[in-house]
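Below, each chain spelled out in residue letters.
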Amino acid sequence: MAGAGAVLGVDVGGTGTKARLTDTDGLVLDETRVPTPRDDPSGDRLAVAVADLAARALDHGHLDAVGLVTPGVVDEAAGTVVLAVNLGWQDVPVRGLVQAELVRRGIDVPIAFGHDVRAGALAETHTGDTALSRGSVAFVPVGTGLASALVVDGQVVSGGGWAGEIGQVLIPSGPHAGLRVEEIASAGGVARRSGSASAHAAMLRVRDGDPVATAVWDDCVAVLADALAWTTAVAGCHTVIVGGGLAESGPLLFGPLRTAVAERLVGVRAPEVLPAAHGDAAGAIGAGMLARRLLESGVLL
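*Asks:* Kindly report on the packing of helix H5 (residues 187-194) against helix H7 (residues 211-235), identifying the contributing residues and their values.
*Replies:* Closest axis-to-axis distance for the H5/H7 pair is 9 Å, and the angle between their directions is 150°. Comparing the axis directions of H5 and H7 gives the class roughly antiparallel. In the crossing of H5 with H7, the sense of the turn from one axis to the other is right-handed. The segment H5 lies against H7, with Val-190, Arg-193 and Ser-194 engaging Val-212, Ala-213, Val-216, Trp-217, Asp-219 and Cys-220. Taken together, the residues of the contact of H5 with H7 sort by class into six nonpolar, one polar and two charged.

And the structure:
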């Protein structure tokens, strides 16, 4: 049973929502995944889904706080998602909606609200190699969409909520001109463009030598390498951590990606390109860290 300080970290993704319940000592008490509600421009259905996860957490005992992170342009202070393309959200007061639904069910706990990728970066750079808490490190999960987070000397850069939206940049020239980066360089883009049920299914086709899937995969690597090279050149990153579903492809992704990034950085220090230590759980772990920090601060929102 959870004691004082039990927190629930909830990571809302473009297709699925992950939740992780931990006690005061960091012991994982429960983990679950549910589909992210679709066609939910108001955010009301998402609030119900998060409340359901909190109610499930209470089956394990006491719950002291919830950490909730979402994709898009996130205003942490206001508790609002300014824009989330993949969820169809614009100026949605997510924290308030979830808080109201929790209170309606008699679950009165504070909510730490943040950005999924910045939360993942927090987890990746503060729970492993201490070198990652020094200098500039980029965390880039390649999932339904594509975004990044920059960590400088252990501090995650917010940019007023706008930092790291590399997936929304338009490709200026070439065969993909006019498309957003994430339409090519994301797990969602790979699945859609290859006609596969998922990026994993596309990866299996690549391993089997399927020419259509291979061409789409090569496009993804090239466009992703462009984005990582520019990020590295601007921020002086010594390490780029790649996470999300596509990172689970292992050498099939990291082999050509490392080569492509290095080829684009002639005269510039090439970063180490590493797989995320926490896989696609980084966002939920980071959400839990935000919740615990909120409890420790004594400023309960």
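Continuing now.
*Asks:* Can you tell me about the state of the cysteines, naming the residues and giving the values?
*Replies:* According to the stated counting rule, one finds zero disulfides in the structure shown. Free of any disulfide, Cys-220 has its nearest cysteine sulfur in Cys-237, 19 Å distant.

*Asks:* Outline unusual backbone geometry, listing residues and values.
*Replies:* Phi at Asp-39 takes a positive value of approximately 50°, unusual for a residue other than glycine. Note on placement: Asp-39 falls in the loop between strand S3 (28-35) and helix H1 (44-58). What makes Asp-39 exposed here is its relative accessible area of 74%.

*Asks:* Report on helix H9 (residues 282-297), specifying residues and quantitative values.
*Replies:* The end-to-end C-alpha distance of H9, which contains 16 residues, comes to 22 Å, matching closely the 22 Å that a straight helix rising 1.5 Å per residue would cover. Where H9 is buried, its residues touch strand S1 (7-12), strand S2 (16-22), strand S4 (65-70), strand S8 (111-115), helix H3 (116-126) and strand S9 (136-141). Following H9 by one or two positions, Gly-298 has its phi on the positive side, about 80°.

*Asks:* Mind laying out the pairing of strand S7 (residues 89-92), listing which residues take part and the relevant values?
*Replies:* Two strands pair when backbone bridges link them, and strand S6 (residues 80-84) and S7 are joined in this way by three bridges, in the antiparallel orientation. Residue Ala-84 lies in a different strand from S7, and its bridge partner there is Trp-89. Remark: four residues form the turn of the hairpin made by S6 and S7, two consecutive strands paired antiparallel; Gly-88 in that turn has positive phi of roughly 70°.

*Asks:* Explain the pattern of salt bridges to me, using residue names and the numbers behind them.
*Replies:* Side chains that differ in charge, positive against negative, can pair when their charged atoms come close. Enumeration over the complete set of coordinates arrives at 13 salt bridges. Among the ionic pairs, Arg-105 bridges to Asp-52, the shortest N-O distance being 2.7 Å. Residue Arg-105 is located in the loop between helix H2 (94-104) and S8, and its partner Asp-52 is located in helix H1; the two are separated by 53 residues in the primary sequence. Asp-52 sits in the partly exposed class, given a relative accessible area of 40%. Residues Glu-182 and Arg-180 are paired through a salt bridge, measuring 2.8 Å at the closest nitrogen-oxygen approach. Connected through salt bridges with shared partners, the residues Asp-52, Glu-101, Arg-104 and Arg-105 form a single ionic network.

What counts as what
- Residues numbered from 1 in each chain as written.
- Predicted model: local features only at pLDDT ≥ 70, side-chain atom pairs only at ≥ 80, totals over all residues.
- Heavy atoms only, no water.
- Axes fitted to C-alpha atoms, helices over the stretch in contact; angles between N-to-C directions.
- Helix = DSSP H or I, 4+ residues; strand = E, 2+ residues; numbered from the N terminus.
- Parallel < 35°, antiparallel > 145°, perpendicular 65-115°, else oblique.
- Left-handed = near helix turned anticlockwise from the far one by under 90°.
- Contact = heavy atoms within 4.5 Å.
- Nonpolar A, V, L, I, M, F, W, Y, C, P; charged D, E, K, R; others polar.
- Disulfide = S-S within 2.5 Å.
- Buried < 20%, exposed > 50% of the residue type's maximum accessible area, 1.4 Å probe, protein only.
- Expected span 1.5 Å × (residues − 1).
- Pairing = 2+ DSSP bridges.
- Salt bridge = Lys/Arg side-chain N within 4 Å of Asp/Glu carboxyl O.

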